[in-house]
Amino acid sequence: METVMRVTETIKSFREARLSALRPPSEFFDHTRISRPADLNQATHRISYNTRYFSGNYGLLVGVLAVYALITNIRLVFAVLFLVGGFAAINRFGADPIQVGEHVITQKSLYTGLFVIGIPLLWFASPFSTFFWLVGASAVLILGHACMVEPGIESEYASVQDSV
């Protein structure tokens, strides 16, 4: 029961902290504010401002890309579920040694079998390429959006407000 309360509190604090920073889609996808930056200095300024201003939207974008990566890489999902399920099953049912014929199966041998099967499964599921695809796709989309969208009028006053 305590765990349920803790999870509920964590979700509530996440919703208050991160999801309150979401900007409306009409502002995030405002095509009238899209323009090419004049130089590198202006691009850097736009990236700096927009990554702070749209941080909730960018976090949601990374989350959506992560779900897409897992949906399209079903082998990775299967390998992770196999390993997590194996750990849970061994911890729950394999605490005591079991004798099968003249062989004694211990918890250590169960973990060894899980690793012998699970690690190659995980290797063939290519988690590193999925991770680097997620990093690359997120970086391209976030930096592209942050660089191309002009900051609003309120960005001019943000530097004045920070100095006060």
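Residues numbered from 1 in each chain as written. Predicted model: local features only at pLDDT ≥ 70, side-chain atom pairs only at ≥ 80, totals over all residues. Heavy atoms only, no water.

**Regarding the overall build of the chain**
Under the convention used in this document: Helix and strand definitions here come from DSSP, where helices need a minimum of 4 consecutive H or I residues and strands a minimum of 2 consecutive E residues; each element is numbered from the N-terminal end. Each radius of gyration reported is based on C-alpha atoms, and the globular scaling rule is 2.2 Å times the count of residues to the power 0.38. Only protein chains enter the area calculation, which uses a 1.4 Å probe; residues under 20% of their type maximum are buried, those over 50% are exposed, and those in between are partly exposed. In this description, contact between two residues means that some pair of their heavy atoms is separated by no more than 4.5 Å. Per-residue accessibility takes into account occlusion by the displayed protein chains alone, with areas from the Shrake-Rupley method and a 1.4 Å probe. Think of it this way: Lys and Arg go in the positive column, Asp and Glu in the negative one, and His and the chain ends go nowhere. For the purpose of locating charges, the reference atoms are NZ of Lys, CZ of Arg, CG of Asp and CD of Glu.
What the chain contains, in helices and strands, is 8 helices and 2 strands. Against the compact-globule benchmark of 15 Å for 164 residues, the chain has a radius of gyration of 24 Å, which places it well outside the compact range. Each principal axis of the C-alpha atoms in the chain carries an extent, and together these give about 80 × 40 × 30 Å. With 164 residues in all, the chain has 23% of them scored as buried. Long-range pairs, those at least 24 residues apart, make up 80% of the contacts in the chain between residues at least 6 apart in sequence. With the model as given, the accessible surface of the chain reaches about 12000 Å², and the carbon-plus-sulfur share is 69%. Averaging the coordinates of the 12 positive side-chain charges in the chain and doing the same for the 12 negative ones gives two points 4 Å apart.

**Things to note about the nonpolar core**
For soluble globular proteins, the rule of thumb is that nonpolar side chains tend to be buried together. Going by this rule: In these notes, a set of buried Ala, Val, Leu, Ile, Met, Phe, Trp, Tyr and Cys residues joined through side-chain atoms within 4.5 Å is what counts as a nonpolar core.
Counting 7 residues, the largest nonpolar core is built from Phe28, Tyr49, Tyr53, Phe54, Tyr58, Ile142 and Ala146. Listing elements by their share of this core, those giving two or more residues are helix H3 (40-53) and helix H7 (127-148).

**Re unusual backbone geometry**
For residues besides glycine, phi is generally negative; the peptide bonds are generally trans as well. Positive phi outside glycine occurs at Ser126, with the angle close to 55 degrees. Of note, Ser126 is situated in the loop between helix H6 (107-124) and H7.

**What to know about helix H4 (residues 55-72)**
Within an α-helix, residues lying three or four positions from one another point in the same direction, as the helix has 3.6 residues per turn. Here is the rule: What a helix should span is 1.5 Å times the count of its residues minus one.
Along its 18 residues, H4 runs 26 Å from first to last C-alpha, staying within 8% of the 26 Å computed at 1.5 Å per residue. Buried within H4 we find Gly56, Asn57, Tyr58, Leu65 and Ala69. Where H4 is buried, its residues touch helix H2 (25-28), H3 and H7.

**Structural notes on the confidence of the model for the chain**
Keep this limit in mind: pLDDT expresses how confident the predictor is about each individual residue, on a scale running from 0 to 100.
Per-residue confidence for the chain averages 88 on the pLDDT scale, and 91% of its residues sit at or above 70. Within the chain, H7 carries the highest mean pLDDT (96), whereas helix H8 (residues 154-163) carries the lowest (62).

**Looking at the packing of aromatic side chains**
As a reminder, the rule being used: Note on ring pairs: Phe, Tyr and Trp rings are taken, using the six-membered ring of Trp, and paired if centres are within 6.5 Å. Classes follow the plane angle, with under 30 degrees stacked, over 60 edge-to-face and the rest tilted. Charge-over-ring contacts are defined here by two conditions on Lys NZ or Arg CZ: a distance within 6 Å of the ring centre and an angle within 35 degrees of the ring normal.
On inspection of all chains with the given rule, the structure shows 12 aromatic pairs. Where Phe131 meets Phe132, the ring centres are 5.3 Å apart and the plane angle is 65 degrees; that geometry is what we call edge-to-face. Exposure remark for Phe132: the relative accessible area of 56% places this residue in the exposed category. An aromatic cluster of at least three residues, connected via ring pairs, comprises Phe28, Phe29, Tyr49, Tyr53, Phe54 and Tyr58. For the cation-ring pair, Arg23 lies above Tyr53, with the distance from its terminal atom to the ring centre recorded as 4.0 Å.

**Remarks on H6**
Compared with an ideal rise of 1.5 Å per residue, which puts 18 residues at 26 Å, H6 spans 26 Å between its outermost C-alpha atoms and is within 8% of the ideal. Residues of H6 that are buried: Tyr111, Leu114 and Gly118. Taken from the residues just after H6, Ser126 is the one with a positive phi, measuring 55 degrees.

**A word on the packing of H3 against H7**
What counts is decided by this rule: An axis is simply a line fitted to the C-alpha atoms; with a helix, the fit covers only the stretch in contact. Between two such axes, the angle follows the N-to-C directions and lies from 0 to 180 degrees. Every angle not falling under 35 degrees, over 145, or within 65 to 115 is termed oblique; those three ranges are roughly parallel, roughly antiparallel and roughly perpendicular. Rotating anticlockwise by less than a right angle from the far helix to the near helix defines a left-handed crossing, while the corresponding clockwise rotation defines a right-handed one. In this classification, the charged set is Asp, Glu, Lys and Arg, the nonpolar set is Ala, Val, Leu, Ile, Met, Phe, Trp, Tyr, Cys and Pro, and all remaining amino acids, among them Gly, are polar.
Running from N to C, H3 and H7 cross one another at 110 degrees; their axes reach a closest spacing of 7 Å. Between H3 and H7, the angle is such that the two are roughly perpendicular. Where H3 crosses over H7, the two elements pack in a sense that is right-handed. Contacts from Ala43, Arg46, Ile47, Asn50 and Thr51 in H3 reach Ile142, Leu143, His145, Ala146, Cys147 and Met148 in H7. For the contact of H3 with H7, the class distribution of residues is 7 nonpolar, 3 polar and 1 charged.

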